Amino acid sequence: MRKWWPLTAVCLGAFILLVDVTIVNVALPSMADDLDASFTSLQWVIDGYALALAALLLASGSLADRFGHRRFYVYGLALFAAASLVCGLAPSVGVLIAARVVQGIGGAAMFATAPALLLTSYQGRDRGTAFGVWGAANGAAAAAGPLLGGLLTEHISWPTIFWVNLPVAAVAIAMTLRVVRPDQPRTVAAKARVDLPGAAAFTVAAGSLTYGLIRGGEAGWTGAETLATFAVTALALVAFVVIEHRTARRGGAPMLDLALLRRPSFAGLMSGALLLQGSAFGCLVLVSLWLQSVLGLSPVAAGLALTPLAAASFVVAVFAGRHIQRLAPRVPIGAGLLLVAAGMLLLRAGMTADAGRASLLWGLVVTGIGVGLATPVLVSAATSTVPPQRAGMAGGAVNTFRQLGMTLAIAVLGAVFTNRAAALLADSGTVPDADQGAAALAAGQAQHLVDAAPAAHHDAARRLVHQAFATGLDRVFLLSAIAAALGGLIVLALVRPPARAATGVTGGGPSAASAPRPRRDSVSTGV
């Protein structure tokens, strides 16, 4: 059994890393009350973490290659634990957001190094078993997040959703230092220059785009600040493209080889990864707020109501994963995205002013089945469409696009929700400031709107709140369905079997036909 201790150390880190993606959703209303947080602030509590993960995953992999995977993994765990402590102690929402960003930085170091640690710790059949268990741990973290968050928030307090990471991280650090083999001396190739300018440009582009989307929904799309932010995004993207082309032309190691995007299969998979994550998970922040602030559910009940999505994804990935790998990648990924679209349409069909938590069940189950079909194949499919020496970059790019998809979706869907809710509140003629009322709804303050109405009009105000939230969610589910369907069609149209991918390559280098076949150790998580 001792040989599985390195796997245990890696799985412990993966669990706290990924559980923190979903555990926060259920605690958002309690955070909003305690920290007097606006909806914009709540968005950044989620997006700050996901954005740091998306922006730094590829750069973290390069840094780990240079300085050592075990060392970088331990540093990431320590940083993640320290940031978790600060999250729970945060006296204001600004401090909480900053600590969440630091959590994401530590998480990127952990996420980028875990596969390499397993590769060096196991060989042959044991390697396949190790990656299978690691993938299952990732799925279990996603499934446990909402329920664990509800239990801790309801029976103790919301800071404990972060403090629970501390003992787990301490055990993982101790085990890693004791049972994972020390890093070997770096080779000359591993000491190649890290593309820090490219990482910086990508971070600025992703961060300013997210800020612009959130700010545009709050202050208007034609405001000077919003337009200036989008201008920064455009300049940063141009800088990123120039830096990556120049780095590749000079024989360096770019953060992302942009020539890969000229391959239809690779471009289709990146689009699918971005749209899958955004369409399936971007709406959950608002759904959690609806469950607790409008329906009045406890955090535990809200966590249970959200569990079917992650649970269905986990079950499908575990029991169908081996069979899915035998299919052409575009089939499970494309079908999974179309199932996510169907799930979102089911959620939309059940979302009325009188809807309860039962209206979510089948939509979340169908969405989870789609996620479970698509995600196990994404990384192995991406690595099979590029030259072997770009396989690591392709796998990292998938996870980068997935986290970026959720980050942008939260920003876009939040703006859509507040716009639709404000329009209904304005049409009612009973809310003096419809925009402020919609922002209060999105911040989990539905009951405050009801309490602000005259006592004789509480019932009417409560019906209006239910109707406004349902109207906003209706549009959110519709947009998510469109995004998922678009992603499915893109994947089915562009992604080709590995043996045929070479015909679509216009650049030089090894063809995709010579790329490694999809393997069980190319695992993609469901979150």
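Cut-offs and rules
- Counting restarts for each chain, with residues numbered from 1 along the sequence as it is written.
- For this predicted model, a pLDDT threshold of at least 70 governs which residues receive local features, and a threshold of 80 or more governs which side-chain atom pairs are given and counted, while totals over whole chains, interfaces and linings are taken from all residues.
- Side-chain measures here rest on the full set of heavy atoms in the structure, leaving out hydrogens and waters.
- In DSSP terms, a helix is any run of H or I states spanning at least four residues, a strand is any run of E spanning at least two, and both are numbered starting from the N terminus.
- Exposure classes here rest on a 1.4 Å probe applied to the protein chains alone. A residue is buried below 20% of its type maximum, exposed above 50%, and partly exposed in between.
- Any two residues whose heavy atoms approach within 4.5 Å at even a single point are treated as in contact.
- Using the Shrake-Rupley algorithm and a 1.4 Å probe, accessible areas are obtained, with residue cover drawn only from the displayed protein chains.
- Confidence of the predictor at the level of single residues is captured by pLDDT, which takes values from 0 to 100.
- Nonpolar side chains (Val, Leu, Ile, Met, Phe, Trp, Tyr) are joined into patches within 5 Å and like charges within 9 Å, using only residues with over 30% relative accessible area and no salt bridge.
- Any Lys or Arg side-chain nitrogen found within 4 Å of a carboxyl oxygen on Asp or Glu counts as a salt bridge.
- To obtain each axis, a line is fitted to C-alpha atoms, and for helices this fit is confined to the stretch in contact; angles are then taken between N-to-C directions over 0 to 180 degrees.
- Roughly parallel means an angle under 35 degrees; roughly antiparallel means over 145; roughly perpendicular covers 65 to 115; every other angle is labelled oblique.
- Crossing handedness is read from the near helix: turned anticlockwise from the far helix by less than a right angle, it gives a left-handed crossing, and turned clockwise, a right-handed one.
- Throughout, the ten residues Ala, Val, Leu, Ile, Met, Phe, Trp, Tyr, Cys and Pro are labelled nonpolar, Asp, Glu, Lys and Arg are labelled charged, and all others, Gly among them, are labelled polar.

**With respect to the overall build of the chain**
- Looking only at helices and strands, the chain features 19 helices and zero strands.
- Counting all 527 residues of the chain, 57% fall into the buried class.
- Of all intrachain contacts in the chain linking residues separated by at least 6 positions in sequence, the fraction that spans at least 24 positions is 82%.
- Within the structure as shown, the chain displays about 20,500 Å² of accessible surface, and the carbon and sulfur contribution to it stands at 65%.

**With respect to the confidence of the model for the chain**
- Overall, the prediction assigns the chain a mean pLDDT of 82, with 88% of residues at 70 or greater.
- Segment residues 500–525 is flagged for pLDDT under 50; beyond a separation of four residues in sequence, or across chains, it makes 61 contacts in the model.

**What to know about a nonpolar patch on the surface**
- Taken together, Leu85, Val86, Leu89, Val95 and Trp163 make up a surface patch of nonpolar side chains, about 390 Å² in accessible area.
- With three residues, the single largest contributor to the nonpolar patch is helix α3 (residues 69–89).
- With respect to the secondary-structure elements, Val86 resides in helix α3.
- The exposure class assigned to Val86 is partly exposed, which follows from its relative accessible area of 37%.

**Quick word on the pattern of salt bridges**
- Scanning the model with the defined rule gives two salt bridges in all.
- The partner of Arg100 in a salt bridge is Asp20, and the shortest N-O contact between them spans 3.7 Å. Residue Arg100 is found in helix α4 (residues 93–121), and its partner Asp20 is found in helix α1 (residues 5–35); the two are separated by 80 residues along the sequence. An identical accessibility class is assigned to Arg100 and Asp20; each is buried.
- One salt bridge in this structure joins Asp474 and Arg348, with 3.1 Å as the shortest N-O distance. Of this pair, Asp474 sits in helix α18 (residues 458–494) while Arg348 sits in helix α13 (residues 330–350), and the two are 126 residues apart along the sequence.

**Some details on the environment of Gly356**
- Residue position: Gly356 is located in the loop between α13 and α14 (361–383).
- A C-alpha to C-alpha distance of 9.8 Å links Gly356 and Val294, two positions 62 residues apart in sequence.
- Look past the residues within four positions of Gly356 in its chain and what remains in contact with it is Trp290 and Leu295.

**A closer look at unusual backbone geometry**
- The phi torsion at Asp36 lies on the positive side, around 50°, for a residue other than glycine.
- Here Asp36 is to be found in the loop between α1 and α2 (39–67).
- A relative accessible area of 66% means that Asp36 is categorised as exposed.

**Side note on the packing of α3 against α4**
- Axis separation between α3 and α4 bottoms out at 8 Å; the angle between their running directions is 155°. Compared by their axis directions, α3 and α4 come out roughly antiparallel. For the pair α3 and α4, the sense of crossing is left-handed.
- Each residue belonging to the contact of α3 with α4 can be placed in one class, and the counts come to 17 nonpolar, seven polar and two charged.

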